[in-house]
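So you can see what is in the structure, the chains are spelled out below.
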Amino acid sequence: GAVVSQHPSRVICKSGTSVKIECRSLDFQATTMFWYRQFPKQSLMLMATSNEGSKATYEQGVEKDKFLINHASLTLSTLTVTSAHPEDSSFYICSARDRRELGGFGEQYFGPGTRLTVT
Amino acid sequence: AQSVTQLDSQVPVFEEAPVELRCNYSSSVSVYLFWYVQYPNQGLQLLLKYLSGSTLVKGINGFEAEFNKSQTSFHLRKPSVHISDTAEYFCAVSEVTGGFKTIFGAGTRLFVKA
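Structure report, in brief.

Criteria and cut-off values
Residues numbered from 1 in each chain as written. Chains lettered and ligands numbered in written order. Predicted model: local features only at pLDDT ≥ 70, side-chain atom pairs only at ≥ 80, totals over all residues. Heavy atoms only, no water. Pairing = 2+ DSSP bridges. Helix = DSSP H or I, 4+ residues; strand = E, 2+ residues; numbered from the N terminus. Axes fitted to C-alpha atoms, helices over the stretch in contact; angles between N-to-C directions. Disulfide = S-S within 2.5 Å. Buried < 20%, exposed > 50% of the residue type's maximum accessible area, 1.4 Å probe, protein only. Polar contact = N/O pair within 3.5 Å; in protein donor to acceptor, adjacent residues only side chain to side chain. Contact = heavy atoms within 4.5 Å. Salt bridge = Lys/Arg side-chain N within 4 Å of Asp/Glu carboxyl O. 1 Å grid on protein atoms, 1.4 Å probe; cavity = no way out; pocket = protein on both sides within 12 Å on 5 of 7 lines; lining within 4 Å. Points joined across faces, edges and corners; volume = space filled by probe spheres on them. Nonpolar A, V, L, I, M, F, W, Y, C, P; charged D, E, K, R; others polar. Buried area = accessible area lost by both parts, 1.4 Å probe.

**Some remarks on the sheet that holds strand E8 (residues 76-81) of chain A**
All names here are of chain A.
Okay, so step 1: Taken in spatial order, the four strands of this open sheet run E1-E3-E8-E7, and their pairing is antiparallel. Here the strands that pair on one side only, and so sit at the sheet edges, are strand E1 (4-7) and strand E7 (67-73). Pairwise comparison of adjacent strand axes, ignoring direction, gives a mean angle of 15° for this sheet.

Structure representation (structure tokens):
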């Protein structure tokens, strides 16, 4: 089946620094990737939709200058948390849609998530 | 805009008992419906999905769900649960014309007791 990886799986950084999280589709090409944020014991909140070769579409309330998303290729999207603060600590999950399924709905394949802790 | 309500935040159940996790949605257009399972510190795994056709959908691990358009519900069921089914379960909805953006419910913690 389709596999999505995230790196790193866990990261701790100091307040004020930036952190980059990678999301890769390993055995398929992804036209669209999604970035979610999940607080403890809560649901996934969609942060942004990333389309290859174009700017990401951010959800209302998500700061685009703080959460930089780049989808430079059909297999890689990155989320950079800039000037991180403790309140940015969360579980970040990406998902990807297979470009071969453009004719239909196309399932989303989820990465394993990245646990970010800002101290 | 669509929304999803999972009516139970936690469902404790004994092993080998049946279980139902409830999900209701709201949307002004046609939707696709999903159930995902999440184990601790892991991503989401698709259990099953309803896109069209038969309203009774069978998924992995013995789970099934029934789409009820009149009641705008998509409840998840399993006739006999195992300890290994203990996890967080999320109901999700995507509007057919919504650019495939998926909205998740708050989740239901299924806790299977021996």
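That covers the picture; the talk isn't over yet.
**Some points on the state of the cysteines**
Okay, so step 1: Under the definition given, this model contains two disulfides over all chains.
Okay, so step 2: The disulfide partner of Cys23(A) is Cys94(A), and the gap between their sulfur atoms is 2.0 Å. Disulfide Cys23(A)-Cys94(A): torsion about the S-S bond near 80°, hence right-handed. Taken as a pair, Cys23(A) in strand E3 (residues 19-25) and Cys94(A) in strand E9 (residues 90-98) lie far apart in primary sequence, 71 residues in all. The residues Cys23(A) and Cys94(A) share a single accessibility class, namely buried.
Okay, so step 3: A disulfide bridge connects Cys23(B) with Cys91(B), and the sulfur atoms are separated by 2.0 Å. Where Cys23(B) bonds to Cys91(B) through sulfur, the torsion about that S-S bond is close to -65°, and the disulfide is left-handed. Here Cys23(B) is found in strand E4 (residues 23-26), whereas its partner Cys91(B) is found in strand E10 (residues 87-95), with 68 residues between them in sequence. No difference in accessibility class separates Cys23(B) from Cys91(B), as the two residues are buried.
Okay, so step 4: Cysteine Cys13(A) remains unbridged, with the sulfur of Cys94(A) as its closest cysteine sulfur at 18 Å.

**Quick look at the side chain of Thr102(B)**
Okay, so step 1: With respect to the helices, strands and loops of the structure, Thr102(B) is situated in strand E11 (residues 102-104).
Okay, so step 2: For Thr102(B), a relative accessible area of 2% gives the class buried.
Okay, so step 3: Polar contacts involving the side chain of Thr102(B) include one to the side chain of Gln108(A), which spans 2.7 Å.
Okay, so step 4: Here the side chain of Thr102(B) touches Ser94(B) through a polar contact of 2.7 Å, side chain to side chain.
Okay, so step 5: Once residues within four sequence positions are removed from consideration, Thr102(B) is found in contact with Tyr36(A), Gln108(A), Ala92(B), Val93(B) and Ser94(B).

**Quick look at the pattern of salt bridges**
Residue and element names in this part refer to chain B.
Okay, so step 1: Enumeration according to the criterion identifies seven salt bridges over all chains in this entry.
Okay, so step 2: In this structure, Asp-85 engages Lys-78 in a salt bridge whose closest nitrogen and oxygen atoms are separated by 2.8 Å. The same class applies to Asp-85 as to Lys-78, namely buried.

**Digging into the layout of surface pockets**
Okay, so step 1: Reported here for the largest pocket is a volume of approximately 440 Å³.
Okay, so step 2: Taken together, 18 residues form the lining of the largest pocket, with Pro40(A), Lys41(A), Gln42(A), Gln38(B) and Glu88(B) sitting closest to its centre.
Okay, so step 3: Its residues placed into classes, the lining of the largest pocket shows seven nonpolar, seven polar and four charged.
Okay, so step 4: In this structure, the second largest pocket spans a volume of roughly 330 Å³.
Okay, so step 5: Taken together, 17 residues line the second largest pocket, and the ones lying closest to its centre are Met45(A), Leu46(A), Met47(A), Glu59(A) and Val62(A).
Okay, so step 6: Broken down by secondary-structure element, the contributors of at least two residues to the lining of the second largest pocket are strand E5 (44-51) of chain A together with E11 of chain B.

**Points about the interface of chain B and chain A**
Okay, so step 1: At the junction of the two partners, chain B supplies 19 residues and chain A supplies 19 residues.
Okay, so step 2: For the pairing of chain B and chain A, the buried interface totals around 1,600 Å² over both sides, and the portion due to carbon and sulfur atoms is 60%.
Okay, so step 3: Applying the counting criterion to the chain B and chain A interface returns four residue pairs in polar contact (both at pLDDT 80 or more).
Okay, so step 4: Breaking the side of chain B that touches chain A down by element, the ones donating at least two residues are strand E5 (31-38), strand E6 (44-50), E10 and E11 of chain B.
Okay, so step 5: In terms of residue count, E5(B) provides more of the side of chain B that touches chain A than any other element does, four residues in total.
Okay, so step 6: Here the side of chain B that touches chain A is composed, by residue class, of ten nonpolar, seven polar and two charged.

The quantities given are spatial measurements derived from coordinates; they are silent on function.
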